[in-house]
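Each chain is listed here by its residues.
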Amino acid sequence: MIPRFKKVIEIVNPHLKKEQFLEEHNRLSPENLRATISLLSRFRVEKASLFQDDNWPIDKFRRPFIIWLISLSWDKNNVQT
């Protein structure tokens, strides 16, 4: 039997600014899920209810951001012309 190890990601500072969130998100993501500052700004506008302040806690926002990002890609690929 092969032992299974979970990759542990240590979050040193959960109170990231937008640029730091972007850097960490892109570091952890495959190429097709990498983002830009403009995408983060759009996410913040569309998901304003998630935000309490200017912090971008990666453990709180990364999953909703990825789901939102995938939905954008899906919508773009399924638009009727």
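Higher on the page you've got the structure.
> Where do I start with the pattern of salt bridges in this structure?
Should their charged atoms come close, side chains of opposite charge can pair. For the structure on display, the rule yields three salt bridges. Linking Glu24 and Arg27 is a salt bridge whose minimum nitrogen-to-oxygen distance equals 2.6 Å. Highlighted residues: Glu24 and Arg27, both in helix H1 (residues 18-28), separated by three residues, approximately one helical turn. Taking relative accessible area as the criterion, Glu24 reaches 19% and is therefore assigned buried. Of the residues examined, Arg27 reaches a relative accessible area of 55% and is grouped as exposed. The closest approach of N and O atoms between Arg42 and Glu46, which form a salt bridge, is 2.9 Å. Here Arg42 and its partner Glu46 are both found in helix H2 (residues 37-46), four residues apart, which amounts to about one turn of the helix.

Rules used throughout
- Residues numbered from 1 in each chain as written.
- Predicted model: local features only at pLDDT ≥ 70, side-chain atom pairs only at ≥ 80, totals over all residues.
- Heavy atoms only, no water.
- Salt bridge = Lys/Arg side-chain N within 4 Å of Asp/Glu carboxyl O.
- Helix = DSSP H or I, 4+ residues; strand = E, 2+ residues; numbered from the N terminus.
- Buried < 20%, exposed > 50% of the residue type's maximum accessible area, 1.4 Å probe, protein only.

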